[in-house]
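Residues per chain are reported as follows:
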Amino acid sequence: MPSASPSPSGSSSAVPLNKLREATEECLQQERQIRQGGGLKAIERQHAKKRLTARERIDKLVDDPARFTEIGLWAAFEMYQEHGGAPGAGVVTGVGPVEGRLCMIIANDATVKAGAFFPMTCKKIIRAQRVAQMARMPLIYLVDSAGVFLPLQEEVFPDTDDFGRIFRNNAVLSADGVGQIAAIMGFCVAGGAYLPVLCDTLLMTEGSGLYLAGPALVKAAIGQVTTDEELGGATMHASVSGTVDFKEKDDEACIARIRALMAKTQAPAPRIDVDESAATERPADDVYAVFSDKMGAQYDTREILRSVIDAGSMDEYRADYGQTIVCAYATIKGRPCGIVANQKQVVKPAEGGVQIGGVIYHDSADKAARFIMDCNQKRLPIVFVHDTTGFMVGRESEQHGIIRAGAKMVNAMANCVVPKIALIIGGSYGAGNYAMCGRAFDPFLTLAWPGSKCSVMGAAQATGVLATIEQRSRERKGEEIDEETRKAILKAVHDSYTEQQDIRHGAARLWLDRIIQPHKTRDELASALTMTTNWPTDREFRTGVLQT
């Protein structure tokens, strides 16, 4: 599975970087910082308790740390600054092989606010549970958390995507036959205590604590004086309450036990191998030369794909029709899939005129809808490659039925019963984001290149609209808007919107799962396709009423 490398090109640092390479290097540096969690001192405090950090535990748990695919690393990026921040939202989630079986691993990071739950912590865990449920992957929880971060309790506690949803998912996953193992390797208190107990198998290390209320709260609530061990120690739960299935001496022993249990599970083991002998038509590094996000620039999306898919495997569907979307059957390291990709070249349809690259027209939407339905018929996973400004507007487009064709594409995509993997390489704007399987449409995984953007519209277009609204609002209040003030408004609005459309802003809010290195796109997609090996195939594909 993919892992980070020190340089996006793998070449000498003396090689000048283009814009995409620069964005990749910047993201890699920021990711290294995020992986430090609460920092070196917090790591030392964890070690002083004779406990491993979340990342150390995962490295020992998986068969090969290099094959651990982290999901949601950027969660809470630059959020909660007034509370000191929460790198990675205080939890590490991702997929890795344990005794040859791909598992979703969820590990509280006790170096970040003692593993307390921020709003984004809940959303990140819920997202991990959802991915595991879709792919029917076993889950392993490494629990080490102080519970809800109380200053933000109203944003953590009550809603459908908050704290309680995690426990609801524990129960539903178990009923659905998706295996769950929980290991308490620190503290697990208050409502959070339900998470491990709702799992199928529960382990606990000596010195850990599992209780609804600690000694101080018990004394305040009912006047009883007690100790941590009497309330919820490993020995008590193993021998008195009967809550714990396995009591383990320390982290190392607990991890060894988890691996032993996974080796004996009867759950089907996904085929995690890929065809490493398969080659691409173009070198992986060529994506840096082919891709461009400059205003008005064009590139042939097929040339990007030739650095990703197996050489000679592309069978392009209706190549001469609806050309602003490329649809193709292909294999990636031997794994078959369908590809729906925005074409960034200006094209000339047979009926005349020109069509702008990156824009979805009525014919390309109609073609994509038919292709998506065929992939479902063939039970092929679909990879959606985003670089779109959205649907075409104007009299001619409306008269050609752009709304009807777009609705058909959205309907087919929304009702897919096959895995959907989204990859944002450039812009993903407006309804184009929806049609290409945006976050609202249940993608299995969403990946993005550094420097990509996602918003309702581009910053240039949005700035003019928003600045005009701000100016009129001030004028209604009697403020006089001179040229200098107008420029200041424009700059403030542009800066704010540019920040919000930055892909890291979306990643912080879990609108995507991974920011990936462009030259590793092939590895990332092969890894994602591998995770879908146990995808259920018994669901019937139906679209309901289509506007044809």
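For the structure, check the block above.
Residues numbered from 1 in each chain as written. Predicted model: local features only at pLDDT ≥ 70, side-chain atom pairs only at ≥ 80, totals over all residues. Heavy atoms only, no water.

Engineer: Mind showing me how you'd approach the nonpolar core here?
Structural biologist: If you look at the biggest cluster of nonpolar residues, it comprises 95 residues, and the most contacted ones within it are Met104, Tyr141, Ile166, Ile339, Phe444 and Trp449. No other element matches helix 4 (residues 119-135), which puts 9 residues into this core. The contacts of Trp449, once residues within four sequence positions are left out, are Leu20, Val287, Phe291, Ile304, Leu423, Ile424, Ile425, Ile503, Ile515, Ile516, Pro518 and Thr521. In terms of nonpolar packing, the next biggest core, distinct from the first, is built from 27 residues, Val340, Met413, Val417 and Phe541 among them. (Core = buried A, V, L, I, M, F, W, Y, C linked by side-chain atoms within 4.5 Å. Buried < 20%, exposed > 50% of the residue type's maximum accessible area, 1.4 Å probe, protein only. Helix = DSSP H or I, 4+ residues; strand = E, 2+ residues; numbered from the N terminus. Contact = heavy atoms within 4.5 Å.)

Engineer: Could you clarify how one ought to interpret the environment of Gly312 in this entry?
Structural biologist: Here Gly312 shows up in the loop between helix 13 (301-305) and strand 9 (315-317). Exposure remark for Gly312: the relative accessible area of 75% places this residue in the exposed category. Taking the C-alpha atoms as reference points, Gly312 and Ala330, separated by 18 residues in sequence, lie 8.6 Å from one another.

Engineer: Would you mind going over the side chain of Glu248 with me for this structure?
Structural biologist: The topology assignment puts Glu248 in strand 8 (residues 246-248). Glu248 sits in the buried class, given a relative accessible area of 6%. At 2.7 Å, the side chain of Glu248 and the side chain of Arg257 are in polar contact. Ignoring any residue separated from it by four or fewer positions in sequence, one finds Glu248 in contact with Leu203, Met204, Thr205, Glu206, Ala253, Cys254 and Arg257. (Polar contact = N/O pair within 3.5 Å; in protein donor to acceptor, adjacent residues only side chain to side chain.)

Engineer: Would you mind showing me how to read a nonpolar patch on the surface here?
Structural biologist: A cluster of nonpolar residues, Val456, Met457, Val465, Leu466 and Ile469, forms a patch on the protein surface that exposes about 430 Å² of accessible area. If you trace the backbone, Val456 turns up in the loop between strand 17 (453-455) and helix 18 (459-476). Here Val456 falls in the exposed class, since its relative accessible area comes to 62%. (Patch = residues over 30% accessible without salt bridge, like charges linked within 9 Å, V, L, I, M, F, W, Y side chains within 5 Å. Areas by Shrake-Rupley, 256 points an atom, 1.4 Å probe, with all protein chains shown as cover. Salt bridge = Lys/Arg side-chain N within 4 Å of Asp/Glu carboxyl O.)

Engineer: Got a minute to help me understand empty space enclosed by the protein in this structure?
Structural biologist: The gaps left among the atoms become clear once a water-sized probe is rolled over them. In this structure the tally under the stated criterion is 4 cavities of 30 Å³ or more. Of the volumes computed, that of the largest cavity is approximately 80 Å³. Surrounding the largest cavity, Asn108, Phe117, Val143, Ser145, Ala146, Gly147, Phe163, Cys188, Val189, Gly192 and Leu195 form its lining. Elements represented by at least two residues in the lining of the largest cavity include exactly strand 4 (139-145) and strand 5 (180-189). Across the lining of the largest cavity, the residue classes tally to 7 nonpolar, 4 polar and no charged. (1 Å grid on protein atoms, 1.4 Å probe; cavity = no way out; pocket = protein on both sides within 12 Å on 5 of 7 lines; lining within 4 Å. Points joined across faces, edges and corners; volume = space filled by probe spheres on them. Nonpolar A, V, L, I, M, F, W, Y, C, P; charged D, E, K, R; others polar.)

Engineer: Just to check I follow, could you spell out the pattern of salt bridges for this structure?
Structural biologist: Oppositely charged side chains may form a pair once their charged atoms are brought near each other. The final tally for this structure, using the stated rule, is 34 salt bridges. The partner of Arg35 in a salt bridge is Glu31, with the nearest N and O atoms 3.9 Å apart. By relative accessible area, which is 8% here, Glu31 ends up buried. The closest approach of N and O atoms between Asp366 and Lys408, which form a salt bridge, is 2.5 Å. Separated by 42 residues along the polypeptide, Asp366 in helix 14 (residues 362-378) and Lys408 in helix 16 (residues 402-414) bring together distant segments of the chain. Taking relative accessible area as the criterion, Lys408 reaches 12% and is therefore assigned buried. Three or more residues joined by partner-sharing salt bridges are found here, namely Glu281, Arg282, Asp286, Glu303 and Arg306.

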